[in-house]
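Tertiary structure, described
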Amino acid sequence: MTTNADSTQAVTLVDTTLRDGMSSVSHQFTTDNVAAIAAGLDRAGVPTIEVAHGIGLGASSIQYGQAAATDPEYIRAAVGAVEHADIAALYVPGIATLTELQGAIDAGIRTVRVAVHCTEADCAQQPVEWAKSKGLTVMCFLMMSHKLEPEPLAEQAAKLDSYGADVVYVVDSAGAMVPQQAGARVAALRSAINAHIGFHAHNNLGVGIANALTAAENGATYIDGSLRGLGASAGNAQTEVLAAAFERAGWRTNVDLFGLIDTAEHVVAPLMTEPQIVDETALVLGYAGVYSTFFHPTKRAAKKFGLPTRDILLELGRRGVIGGQEDMIIDVASELAGRTYETPEVAAV
């Protein structure tokens, strides 16, 4: 299979403002917000728009954060606002169930994105095969892809390919990669699988756009972004910047750049609770290779225990924590502070 750079010079942009971006607004977008953003993305020609709680289907909870609406409500709001785009949802095995995925189908999704840790592709077999039997387009995420070298990562991707995935993503969940590393992983997948390849960048080291461009040069045909970069920790590669950068680099995206800019500036920007920047915590998170959703919990733990966030993140990185191990934040912070944290006992009645 030839790469994009050798043939059509085209990439497909997928927008995740309404899923990954939820993490930056504490999952508090309203259904009206979702409809307005989805409509703007649709008018700009974005073909796939991801919508759900920031952690994915079924994640609205005390542990992951209560959303302002249910996943089906968000999905129906987006479906009702678009004329052309597919609405997608994120499914994380162990958090979502097939019942919740069926609810998302009933609400109108036509694409599901199944996300597993980069060493655990086999966990995706059931949801991928089930979703394909329901007629969905299936995109698979290999989260924390920086934790595997290119060849073993490609072996995991081959499993997803064998299950029927339409697209397999190299996902820089921690924003820990630089362009050479992103390109090497995509190239390894390109030589190992027949499915399309995607790339999902976080911007903790400030190279999210460069990583996406390098991924495309090495064979990625699907590139994720979010308007204004809205996303966990330092945020994602910025959709409108991706569109401009790819155009300047000679690639075809089939989106309306100025339509994206207008939606980013006039719809998304007023809803942001704080600027999406590479602050100390976001930078150290990427440097240490820690999952992006640890951003806010680590800041809270640092304040609680009177520690620098960098100390907690560097220790979490040393221990190799992954998504789903957020409980380790408190364990590490309490150890570094020199005291044991215990949940207060319930007062006797």
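Whatever comes next refers back to the structure up there.
These remarks concern the structure in this document. (Residues numbered from 1 in each chain as written. Predicted model: local features only at pLDDT ≥ 70, side-chain atom pairs only at ≥ 80, totals over all residues. Heavy atoms only, no water.)

When helices and strands are counted, the protein chain shows 13 helices and eight strands. In terms of C-alpha radius of gyration, the protein chain reaches 19 Å, essentially the compact-globule figure of 20 Å for 349 residues. When the backbone C-alpha atoms are referred to their principal axes, the protein chain occupies close to 65 × 40 × 40 Å. Residues classed as buried in the protein chain amount to 55% of the 349 residues present. Within the protein chain, contacts between residues at least 6 apart in sequence are counted, and of these 76% link residues at least 24 apart. A total of about 14200 Å² of accessible surface is found on the protein chain, and carbon and sulfur atoms cover 49% of it. Here the protein chain holds 22 positive side-chain charges and 39 negative ones, and the gap between their average locations is 2 Å. (Helix = DSSP H or I, 4+ residues; strand = E, 2+ residues; numbered from the N terminus. Rg over C-alpha atoms; globule rule 2.2 N^0.38 Å. Buried < 20%, exposed > 50% of the residue type's maximum accessible area, 1.4 Å probe, protein only. Contact = heavy atoms within 4.5 Å. Areas by Shrake-Rupley, 256 points an atom, 1.4 Å probe, with all protein chains shown as cover. Lys, Arg positive; Asp, Glu negative; His and termini not counted. Charge placed at Lys NZ, Arg CZ, Asp CG, Glu CD.)

On to helix H1 (residues 31-43), then. In this model, H1 (13 residues) spans 18 Å end to end at C-alpha, consistent with the 18 Å of a helix rising 1.5 Å per residue. Considered for burial, the residues of H1 that qualify are Asn 33, Val 34, Ile 37, Ala 38, Ala 39, Gly 40, Leu 41 and Asp 42. Downstream of H1 by one or two residues, Gly 45 has phi in the positive range, about 90 degrees. (Expected span 1.5 Å × (residues − 1).)

Turning our attention to the packing of aromatic side chains. Aromatic ring pairs: the centre-centre distance and the angle between the two ring planes describe each pair. All chains considered together, the criterion is met by two aromatic pairs. Summarising the aromatic geometry, the rings of Phe 246 and Trp 251 are spaced 5.9 Å apart at their centres and angled 85 degrees between planes, so their arrangement reads as edge-to-face. Residue Trp 251 is classed as buried on the basis of its relative accessible area, which comes to 8%. The residue whose ring lies beneath Arg 113 is Tyr 169, and the NZ or CZ to ring-centre distance is 5.1 Å. (Phe/Tyr/Trp six-rings, centres within 6.5 Å; stacked < 30°, edge-to-face > 60°. Lys NZ or Arg CZ within 6 Å of the ring centre and 35° of its normal.)

Cysteine pairs can be covalently joined through their sulfur atoms, and such a bond is termed a disulfide. Going through the model one piece at a time under the given rule, you end up with zero disulfides. Just so you know, Cys 123 is unpaired, no disulfide at all, and the nearest cysteine sulfur is the one on Cys 140, 12 Å from it. (Disulfide = S-S within 2.5 Å.)

This brings us to the side chain of Ser 173. With respect to the helices and strands, Ser 173 occurs in the loop between strand E6 (167-172) and helix H6 (179-190). The class for Ser 173 is buried, based on a relative accessible area of 4%. When near neighbours in sequence (up to four residues on either side) are disregarded, Ser 173 contacts Met 143, Met 144, His 202, Tyr 291 and Ser 292.

Attention now goes to the sheet that holds E6. Around the barrel, which closes on itself, the eight strands sit in the order E1-E2-E3-E4-E5-E6-E7-E8 with parallel pairing between neighbours. The mean angle between the axes of side-by-side strands here comes to 25 degrees, regardless of whether they run parallel or antiparallel. Here four bridges tie strand E3 (residues 86-91) to strand E4 (residues 111-117), and the two strands are oriented parallel to one another. Residue pairing across strands places Tyr 91 opposite Val 114, the latter belonging to E4. Of the strands in this sheet, strand E1 (12-18) and strand E2 (48-51) touch H1, which is tilted by about 165 degrees from E1. Here helix H7 (residues 208-217) sits on the sheet in contact with E6, strand E7 (196-201) and strand E8 (222-225), set at roughly 170 degrees to E7. (Pairing = 2+ DSSP bridges. Axes fitted to C-alpha atoms, helices over the stretch in contact; angles between N-to-C directions.)

Here the focus is helix H8 (residues 239-248). Thr 239, Glu 240, Leu 242, Ala 243, Ala 245 and Phe 246 are the residues of H8 that are buried. Those residues of H8 that are buried are in contact with E1, H7, E8 and helix H9 (257-268). Directly beyond the C-terminal end of H8, a positive phi value near 95 degrees is found at Gly 250.

Another aspect to go through is the pairing of E7. Within a regular strand, the side chains alternate between the two sheet faces. Buried residues dominate E7, accounting for five of its six residues. The pairing of E6 with E7 spans six bridges and is parallel. Its bridge partner being in E7, Val 170 is matched across the sheet by Phe 199. Direction of pairing for E7 relative to E8: parallel, over a ladder of two bridges. Looking at E8, one finds that Phe 199 is bridged to Ile 223. This β-α-β element, E7 to H7 to E8, shows right-handed connectivity. (Right-handed = clockwise from strand over helix to strand, strands pointing away.)

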